[in-house]
Amino acid sequence: MSEHAKNVLVRLPAFGCRSYYQGRCLYEEQLNPGLNQDYRCVVQLGWEAAYDDFLNRADNFGLDETELMRLWSARFERMVSEGVVCPQYVPTTAEALPECRHLFVDICLLRLPMCAGHCINYRLRAKA
């Protein structure tokens, strides 16, 4: 192999990388899941904050577990029926709530960096 051939960068297709998903790079999230809170879905963060507030209030009133779950179910149904407040929300038939096309586990794909198509962290997808 010539010296020139050794120094040529071979660009690999992004779709073959294990960190590539729908045009975004999951590498940082895969290294430290949940570390960067900026990647989290803002709707889910809002629901979690509402749940934490609900638990604090329920604790103050000394509610039992049955009553607590009944009240939270009613409140959560009401929150979901009010709709999703996110300017980037795109409905889909996903199993997870909110049913948004950009939701991946608990992160918003639009908050991840765009994939450049090749990088030093490129790793082939593992075969199933």
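Counting of residues starts from 1 at the beginning of each chain's written sequence and follows it residue by residue. Given that this is a predicted model, residues contribute local features only at a pLDDT of at least 70 and side-chain atom pairs are listed and counted only at 80 or more, while totals for whole chains, interfaces and linings are drawn from all residues. Side-chain measures were taken over the full set of non-hydrogen atoms in the model, leaving aside hydrogen atoms and water.

Participant: Explain the packing of helix 3 (residues 42-61) against helix 4 (residues 65-81) to me, please; I cannot follow it from the model alone.
Facilitator: Angle between the axes and distance between the axes: these two values describe a pair of packed helices. Where helix 3 contacts helix 4, the axes come no closer than 11 Å and their chain directions differ by 150 degrees. With respect to helix 4, the axis of helix 3 lies roughly antiparallel. For the element pair helix 3 and helix 4, the recorded crossing hand is right-handed. Between helix 3 and helix 4, the contacting residues are Trp47, Ala50, Tyr51, Phe54, Leu55 and Ala58 on the first element and Leu68, Leu71, Trp72, Arg75, Phe76, Met79 and Val80 on the second. In the contact of helix 3 with helix 4, the residues fall into 12 nonpolar, no polar and one charged. Note on geometry: axes are C-alpha line fits, over the in-contact stretch for helices, and angles between N-to-C directions span 0 to 180 degrees. Strands here are runs of E lasting at least two residues and helices are runs of H or I lasting at least four, both read from the DSSP assignment and numbered beginning at the N terminus. Angular relationships are summarised with four words: roughly parallel below 35 degrees, roughly antiparallel beyond 145, roughly perpendicular across 65 to 115, and oblique for the angles in between. By definition, turning the near helix anticlockwise from the far helix through less than a right angle yields a left-handed crossing, and turning it clockwise yields a right-handed one. Contact criterion: two residues are considered in contact whenever any of their non-hydrogen atoms come within 4.5 Å of each other. Basically, the charged four are Asp, Glu, Lys and Arg, the nonpolar ten are Ala, Val, Leu, Ile, Met, Phe, Trp, Tyr, Cys and Pro, and anything else, Gly included, counts as polar.

Participant: Help me understand the pattern of salt bridges in this model?
Facilitator: Two side chains of opposite charge can pair, provided their charged atoms sit close to one another. Salt bridge, as used here, is a side-chain nitrogen of Lys or Arg placed within 4 Å of a carboxyl oxygen of Asp or Glu. Scanning all chains against the criterion turns up four salt bridges. For Asp53, the salt bridge identified is with Arg57, shortest N-O distance 3.0 Å. Of this pair, Asp53 and Arg57 both sit in helix 3, four residues apart, which is roughly one turn of that helix. Asp53 sits in the partly exposed class, given a relative accessible area of 31%. Measuring nitrogen to oxygen at the nearest pair gives 2.5 Å for the salt bridge that ties Arg70 to Glu67. On the criterion of helical spacing, the pair formed by Arg70 and Glu67 is a turn pair, its members being three residues apart in helix 4. The class of Glu67 is partly exposed, set by a relative accessible area of 28%. It is possible to trace a salt-bridge network through shared partners that takes in Arg40, Glu48 and Asp106. Accessible area is worked out with a 1.4 Å probe on protein chains only. A residue is then buried under 20% of its type maximum, exposed over 50%, and partly exposed in between.

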